[in-house]
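Topology and contacts: notes
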Amino acid sequence: MDSTLRRTWAEIDLDALAHNYRTLRARMGEHARFLGVVKADAYGHGAVEVSRMLEELGAEYLAVSSLDEALELRQGGVGLPILQLGLTPADQTAQAMACRVTQAVWSESAAQAFSQEAQKAGGTLKIHIKLDTGMSRLGFSCDEEHFADSLEAICRVCTLPGLEAEGIFTHFAVSDESDGVSQDYTLRQYRRFSAMTEALAARGAAFAIRHCANSGAAAGYPQFACDMFRPGIVSYGIGHQAAELGLRPVMTLKTVVGAVRELPEDTAVSYGCTFRTARPSRIGVLPIGYADGLHRVLSNQWQVWTPWGAAPIVGRICMDMCMVDLTDLPQVREGDEAEVYGVHNSVNDAARLAGTIAYELTCAVSKRVPRIYYRGGREVARELLLRG
Ligand SMILES: *Cc1c(COP(=O)(O)O)cnc(C)c1O
């Protein structure tokens, strides 16, 4: 680690990613393609490096949520098919085609607009039809009331010039919850998905790639693998289902003990004086704050993991720094590394304390934090997202 980078950094373990990839593939069966969800900079892990690794491992597809994210991957030399799950303005159809993006299509009017633009550009846009089976986000409605209309609309979309309908998919709302009500909801979503794809097939609209399984379904319903599955969070080895599947966290967020202070009893620490020492204390000052992605709501709640054990965060987390109590860890020295999230200090636990999900915490690791990529215990790449 260069001294200039030795502040706060994220170690990305590509061997853990490979392990998770293989474990998930084995779980879902040999016929299901693997679509790696690398939106939001691969949940904060770095989309280009993660995608290159998934491509090398044999993944068949990637997914992003904006055209810019797809462009970044193409510029990074990623050749795999890319599904754009999110909204693309129709006037960007030519760019989508130029970077070989497969576009999700959520309505007939959107399809018509894509069709017109694709014809203008003189080419074909590959599409996957998105079905709304209960998420109430994007998609053709598949509830009883709208089923017949959606069936007709999708049949028309499939004949539009300039479009090639390769796939059809839906997204689950509660597949990661195991209570009975959630299970019923997920099964109903799957029934609607199957009913629509079967009705379409009977009308001659068969799709090469049917897919529905996100991480929750990969964990709880491997029988929903279909032709492809779309794991996001579990492939990064986090979320509440990762451990039971034997998956390993890919990101370790690290910082250093930058300074150690000796403070007398009854000394207030940090903004708002929310913490007071109850005894003469050794307080460590760490160069990580909420601008690095360590949410301020974790003030006085979370801990970092030093080589000698856990040190609780005391007082408010500042923009660029935070303080930890080292009084019970007299061995800790200035310069020692401290794990903020990782194998010893799970981001899942931090998320629970923060009242959120692990997704939000890894996505929040900011561009100031360099990502360092490891394979076989050796650094193979690094990405500093701030302009050098
Ligand atoms: C984000 C997303 C996924 C991945 O979700 P995870 O819960 O991270 O597995 C899959 N499919 C769609 C449509 C998504 O938007």
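Residues numbered from 1 in each chain as written. Predicted model: local features only at pLDDT ≥ 70, side-chain atom pairs only at ≥ 80, totals over all residues. Heavy atoms only, no water.

**Structural notes on the side chain of T306**
Residue placement: T306 occurs in strand β16 (residues 303-306). Among the polar contacts made by the side chain of T306, one reaches the main-chain carbonyl oxygen of G309 at a distance of 2.7 Å. Ignoring sequence-local partners within four residues, the contact set of T306 consists of A311, L326, L329, V332 and E337. (Helix = DSSP H or I, 4+ residues; strand = E, 2+ residues; numbered from the N terminus. Polar contact = N/O pair within 3.5 Å; in protein donor to acceptor, adjacent residues only side chain to side chain. Contact = heavy atoms within 4.5 Å.)

**Regarding helix α3 (residues 47-57)**
Most of α3 sits inside the fold, with eight of its eleven residues counted as buried. Burial in α3 covers these residues: A47, V48, E49, V50, S51, M53, L54 and L57. After α3 finishes, the residue G58 shows a positive phi value of roughly 110°. (Buried < 20%, exposed > 50% of the residue type's maximum accessible area, 1.4 Å probe, protein only.)

**Let's talk about the pattern of salt bridges**
Scanning all chains against the criterion turns up 21 salt bridges. Between E144 and R192 there is a salt bridge, with its nearest N and O atoms 3.6 Å apart. Of this pair, E144 sits in the loop between β7 (140-141) and α7 (147-158) while R192 sits in helix α8 (residues 180-202); the two residues are 48 residues apart in sequence, bridging distant segments of the chain. Judged by relative accessible area, E144 falls into the exposed class, the value being 66%. Its salt-bridge partner being K254, residue E337 comes within 3.1 Å of it at the nearest N-O pair. Separated by 83 residues along the polypeptide, E337 in strand β19 (residues 337-341) and K254 in strand β11 (residues 251-256) bring together distant segments of the chain. (Salt bridge = Lys/Arg side-chain N within 4 Å of Asp/Glu carboxyl O.)

**Details of the site of the ligand**
In the vicinity of the ligand there are 13 residues, among which K39, Y43, S215, I233 and Y359 approach most closely. Residue I233 places a main-chain N or O atom 2.8 Å away from an oxygen atom belonging to the ligand. Between the ligand and Y359 there is a distance of 2.6 Å, counted from an oxygen atom to a side-chain nitrogen or oxygen. In isolation the ligand exposes 390 Å². Once the protein is present, 93% of that is buried. Structurally, the ligand is housed in the largest pocket. Considered class by class, the residues forming the shell around the ligand number six nonpolar, four polar and three charged. (Near = heavy atom within 4 Å. Areas by Shrake-Rupley, 256 points an atom, 1.4 Å probe, with all protein chains shown as cover. 1 Å grid on protein atoms, 1.4 Å probe; cavity = no way out; pocket = protein on both sides within 12 Å on 5 of 7 lines; lining within 4 Å. Sits in = over half its atoms within 2 Å of the grid points. Nonpolar A, V, L, I, M, F, W, Y, C, P; charged D, E, K, R; others polar.)

**Section: the packing of aromatic side chains**
Inspection of every chain in the model, using the stated rule, returns eight aromatic pairs. With a centroid separation of 3.8 Å and 5° between ring planes, the pair formed by Y190 and F224 is classed as stacked. In this pair, Y190 is assigned in helix α8 and F224 in the loop between α9 (215-220) and β10 (228-229), connecting sequence segments 34 residues apart. Taken together, the ring pairs connect F172, Y190, Y221 and F224 into an aromatic cluster. (Phe/Tyr/Trp six-rings, centres within 6.5 Å; stacked < 30°, edge-to-face > 60°.)

**Quick word on the nonpolar core**
Membership of the largest hydrophobic core comes to 118 residues, with the highest contact counts inside it found for L54, L294 and Y341. If one sorts the elements of this core by residue count, helix α1 (residues 14-28) sits on top with seven residues. Both domain 1 (31-236) and domain 2 (251-383) contribute no fewer than three residues apiece to this core. Each residue touching Y341, except ones within four places of it in the same chain, is listed here: M251, T252, L253, G293, L294, L298, W302, V347, A350 and L361. V269, V285, V314 and M323 belong to the second largest nonpolar core, which has seven residues in total. (Core = buried A, V, L, I, M, F, W, Y, C linked by side-chain atoms within 4.5 Å. Domains from an automatic or database assignment.)

**Looking at the pairing of strand β2 (residues 33-37)**
Most of β2 is tucked away: four of the five residues are buried. Strand direction decides the pairing type here: β2 and β10, joined by two bridges, are parallel. Bridge pairing in β10 links F34 to F229. The pairing of β2 with strand β3 (residues 61-64) spans three bridges and is classified as parallel. Of the residues in β3, the one forming a bridge with G36 is L62. (Pairing = 2+ DSSP bridges.)

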